[in-house]
Amino acid sequence: MKTFQIKLAEKKTKPPVWKRCIVPGGITFSQLAVILEAIAETEVSEQYEFEFYQAGIQLREWREGEQAVRRYNFDYWCSSDTYIDDLMGREPWFTFRTGKEKEYRVTIEKCVTDEKPYPYILKQKESSDSRTWMDVEKANQELRGQFQVTYGDPDYRTFDELKQEMKTGSFGLRGAEKPVSRTERNEKSSETKLREFADLLQKHLAENRNAQERYTRNPEMAEIMSSWTKEELKSLAEDLELKGYHSLKKDILVGKIKEELLKPSVMERQMMMFSDEEITAFESVLKTTGYYPVRKDLELLEGFYNLAYAGIYNDNFAAVPDEVKKIYKKVNTPKFRKKRKRAFWMIRCLTMVIFLYVLAPISVIKEMLVKCLGEDISEEEFREIFAWIPDYQNPCVIRGEWVIYKEVLPQGLYNKIKESQGDLEYYIPEQEEILDYTGHGYPSRDTCCRKVKEFLIKRMKIEEEQTENLMQGIYSRISLGGGPSDVTEIFEEEGIIFPNETTVRDFIALLIELNNSTRMIQNRGWTPSEMTKKRPVLPEGQKPTIVPMSSLAAEQLKQASNELQQMGFTVDLDSGADEVETVFMPDGIAGHTVKGTKKIYPNDPCPCGSGKKYKKCCGKSKKG
């Protein structure tokens, strides 16, 4: 019997909380949802969702009258009509969301043959801070009693029907000996529909062109670059670090660039920066004498065209020069493919430095890279992979043991950021989150981001493309600590006007919610909500004591102390403050002096005049 070994890991838990399990094949996603909710020991709810990110598919229960497709770039499949075997047999992982919006990353580790016709747990890891699991033996007894699978005809019952039957005491699931999914209720997203239409149209046009032309085009690199401007050629020459190119005539410059790009070492370095999808599109053209690619493949070929490694004609016919094919055949070795995979993930991990930290120790970025690669590497190997990234494509530099975003190097800005972050540990994202951030410029799959984007499209009537740009700007400003006024500046710059005050209030409410789920640079990648959970748990009913860290905060808390006390909070205006001696000259410099004391808080400017905060200057030595 076919079964799948999976690892169910609860997201946003540190240390990680997970279970390694076996689940039977030949069942529907509705049946799998019942099983996973039991394994995850979470509240039973039919409001679950499966999301296969790389395949662009979401699976949920089908409901009459409900909009099935919720995102423009994800197809909807009915979970009670769809068997797990196909998707789980070809996809590496998926996300499982419960009704309470808890998320689990489910890694499909392997497909195995197992005689046990029921799900069971192989191993689990819990955390006293966030989750304590049921004993494995006891949990497996319950899983065996509830979910014994009997194989026969296909079973398309819904999640609710399965749970209702289990409530009557009729336990067990019916698996299919020959699982065949139904597709009548599946719906395609707008992106899929547009892509299919464009591909169909392009295929039709290509067939007509090929039938009419019946000849092959053989572009040369020099021919491709001849249509470029002198400035475009100079820009590429600068990236390639060619010397003395400024005064060269265009045809000579083209020859120099071509000679450089056809060096195996240079081609290897350039090719390392492309994704698997881009390489696949390039190799599809490379294996032919040229053809008309579909729209998506044309977009993926753009980077190769910018290096003259592929020619794209005005009618979208694409071909690879023979001279490029010859060198690529030498370059494309197993060693190179391994190297390219490492470089691909390195550039994405370095991009995450910008989003999450601005600067971080090498050990942190190495840990992130190891997660993505699925293999351990040494610090020496990390530095070697880092050196593969061309300087013009690398957003970071290494200074000693630190990886630093280049933009914060001037005036030692990175030191101030490092100081403001304190001694917080670093949040390490998963591979899935890294792809989302680097692919969109913000976490497009985050629930709060979805709400803001939907608001901009539906309430503000802003076009999809402009909304994407706005989302990047909004998230960037919030991650840097910006407030609602900083975000609304973006709309002023774009000339976007809110239609009324109600829309403004609703948008601000969404921004506050988004703020709590944004990965902040000052928190080293942790969201404000996650930071709150890290604080010590107080006894039930007890509210935390609020302590001011500056004179301004103390004044504001003093004014609001009555209201705060009515809410159950205690305000301590003296805790953490020091009394320092002061000297006053009421009659001017020539007059007498009056000595006194002044209360000073940790974040106040130091009275010695150094310009530093008191806690980082005289207050530090006093406390020491």
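Residues numbered from 1 in each chain as written. Predicted model: local features only at pLDDT ≥ 70, side-chain atom pairs only at ≥ 80, totals over all residues. Heavy atoms only, no water.

**Observations regarding the packing of helix H19 (residues 447-458) against helix H22 (residues 501-516)**
Piece 1. Packing of H19 against H22 brings their axes to within 9 Å, and their N-to-C directions diverge by 160 degrees. Classified by the angle their axes make, H19 and H22 are roughly antiparallel. Crossing geometry of H19 relative to H22 is assigned as left-handed. Across from Cys 448, Cys 449, Lys 451, Val 452, Phe 455 and Leu 456 in H19, the residues of H22 making contact are Thr 503, Asp 506, Phe 507, Leu 510, Glu 513 and Leu 514.
Piece 2. Looking at the contact of H19 with H22 residue by residue, the class counts come to eight nonpolar, one polar and three charged. (Axes fitted to C-alpha atoms, helices over the stretch in contact; angles between N-to-C directions. Helix = DSSP H or I, 4+ residues; strand = E, 2+ residues; numbered from the N terminus. Parallel < 35°, antiparallel > 145°, perpendicular 65-115°, else oblique. Left-handed = near helix turned anticlockwise from the far one by under 90°. Contact = heavy atoms within 4.5 Å. Nonpolar A, V, L, I, M, F, W, Y, C, P; charged D, E, K, R; others polar.)

**Looking at empty space enclosed by the protein**
Piece 1. If you walk through the whole model with that rule in mind, you get one cavity of 30 Å³ or more.
Piece 2. A volume near 30 Å³ is recorded for the largest cavity.
Piece 3. Residue lining of the largest cavity: Glu 61, Trp 62, Arg 63, Glu 66, Gln 67, Ala 68 and Tyr 76, and that is the complete set.
Piece 4. Looking at the lining of the largest cavity residue by residue, the class counts come to three nonpolar, one polar and three charged. (1 Å grid on protein atoms, 1.4 Å probe; cavity = no way out; pocket = protein on both sides within 12 Å on 5 of 7 lines; lining within 4 Å. Points joined across faces, edges and corners; volume = space filled by probe spheres on them.)

**Focus: the sheet that holds strand E15 (residues 402-405)**
Piece 1. A sheet is described by the order of its strands in space; here three strands give the open sequence E13-E15-E14, paired in antiparallel fashion. The two strands at the open ends of the sheet, each matched to only one other strand, are strand E13 (359-361) and strand E14 (396-399). Here the average twist between neighbouring strands, direction ignored, is 25 degrees.
Piece 2. Judged from the three bridges that link them, E13 and E15 form a sheet pairing that is antiparallel. In the sheet register, Pro 361 faces E15, and the bridge partner there is Trp 402.
Piece 3. Where helix H14 (residues 334-356) meets the sheet, its contacts fall on E13, E14 and E15, and the angle it forms with E15 comes to roughly 70 degrees. (Pairing = 2+ DSSP bridges.)

**Here's the deal with the packing of H14 against helix H15 (residues 362-373)**
Piece 1. Packing of H14 against H15 brings their axes to within 9 Å, and their N-to-C directions diverge by 135 degrees. Comparing the axis directions of H14 and H15 gives the class oblique. Like other packed secondary-structure pairs, H14 and H15 cross with a definite hand, here right-handed. In contact with Lys 341, Arg 342, Trp 345, Met 346, Cys 349, Leu 350, Met 352 and Val 353 of H14, H15 contributes Ile 365, Met 368, Leu 369, Cys 372 and Leu 373.
Piece 2. When its residues are assigned to classes, the contact of H14 with H15 shows 11 nonpolar, no polar and two charged.

**Describing the sheet that holds strand E3 (residues 49-52)**
Piece 1. Read across the open sheet, the eight strands follow the order E5-E4-E3-E6-E7-E1-E2-E8; overall the sheet is mixed. Each edge of the open sheet carries a strand with a single partner, namely strand E5 (75-78) and strand E8 (120-125). With strand direction ignored, the average angle separating the axes of adjacent strands in the sheet is 25 degrees.
Piece 2. Looking at chain direction, strand E2 (residues 17-24) and E8 are connected through five bridges and run antiparallel. Considered in E8, the bridge of Trp 18 is made with Lys 125.

**A closer look at the layout of surface pockets**
Piece 1. Of the voids in this model, the second largest pocket is the one considered here, and its volume is about 340 Å³.
Piece 2. Considering the residues around the second largest pocket, the lining is formed by 15 residues, among which Leu 236, Gly 303, Asn 306, Leu 307 and Tyr 392 are closest to the centre.
Piece 3. For the lining of the second largest pocket, the secondary-structure elements that each account for two or more residues are helix H7 (230-239) and helix H12 (302-305).
Piece 4. By residue number, the principal contributor to the lining of the second largest pocket is H7, which donates four residues.

**Some points on the UniProt feature "transmembrane region" (unreviewed entry) in the protein chain**
Piece 1. When the UniProt feature table is mapped onto this chain, "transmembrane region" (unreviewed entry) is found at residues 345-365.
Piece 2. Structurally, residues 345-365 is divided into 76% helix and 14% strand, and its ends, taken at the C-alpha atoms, are 11 Å apart. (UniProt positions renumbered as here; feature names shortened; annotations may be inferred.)

**Remarks on the nonpolar core**
Piece 1. Residues Ile 365, Leu 456 and Ile 474 are the most contacted members of the largest nonpolar core, which totals 101 residues.
Piece 2. Looking at this core, the element that brings in the most residues is H14, giving 12 residues.
Piece 3. Once you skip the residues sitting within four places of it in the chain, Ile 365 turns out to touch Cys 349, Leu 350, Val 353, Tyr 357, Ala 360, Phe 382 and Val 403.
Piece 4. By size, the runner-up hydrophobic cluster in this structure holds 36 residues, among which are Ile 57, Leu 59, Ala 139 and Met 166. (Core = buried A, V, L, I, M, F, W, Y, C linked by side-chain atoms within 4.5 Å. Buried < 20%, exposed > 50% of the residue type's maximum accessible area, 1.4 Å probe, protein only.)

**Notes on the environment of Ile 462**
Piece 1. Assignment of secondary structure puts Ile 462 in the loop between H19 and helix H20 (464-479).
Piece 2. It is 9.0 Å that separates the C-alpha atoms of Ile 462 and Ile 496, two residues lying 34 residues apart in sequence.
Piece 3. With near-sequence residues (within four places) excluded, Ile 462 lies in contact with Leu 456, Ile 457, Thr 467, Leu 470, Phe 491 and Ile 496.

**As for the side chain of Glu 51**
Piece 1. Tracing the sequence through the fold places Glu 51 in strand E3.
Piece 2. Residue classification places Glu 51 among the buried residues on the basis of a relative accessible area of 0%.
Piece 3. Polar side-chain contacts of Glu 51 include one of 3.2 Å to the side chain of Arg 97.
Piece 4. Beyond its immediate sequence surroundings of up to four residues, Glu 51 is in contact with Ile 57, Gln 58, Arg 71, Phe 74, Phe 94, Thr 95, Arg 97, Arg 445 and Arg 450. (Polar contact = N/O pair within 3.5 Å; in protein donor to acceptor, adjacent residues only side chain to side chain.)

**So, the pairing of E15**
Piece 1. By the bridge criterion, four bridges tie E14 to E15 in an arrangement that is antiparallel. Counterpart to Arg 399 in the pairing with E15 is Trp 402.
Piece 2. Taking the residues between adjacent antiparallel strands as the criterion, E14 and E15 are bridged by two residues, where Gly 400 takes a positive phi near 65 degrees.

**Considerations on the packing of aromatic side chains**
Piece 1. In this structure the tally under the stated criterion is 27 aromatic pairs.
Piece 2. Aromatic ring contacts, followed pair by pair, group Phe 29, Tyr 48, Phe 50, Phe 52, Phe 94, Phe 96 and Phe 159 into a single cluster.
Piece 3. Over the ring of Tyr 120 we find Lys 116; its NZ or CZ atom is 4.5 Å from the centre of that ring.
Piece 4. The ring of Tyr 427 carries the charged tip of Arg 519 above its face, separated from the ring centre by 3.6 Å. (Phe/Tyr/Trp six-rings, centres within 6.5 Å; stacked < 30°, edge-to-face > 60°. Lys NZ or Arg CZ within 6 Å of the ring centre and 35° of its normal.)

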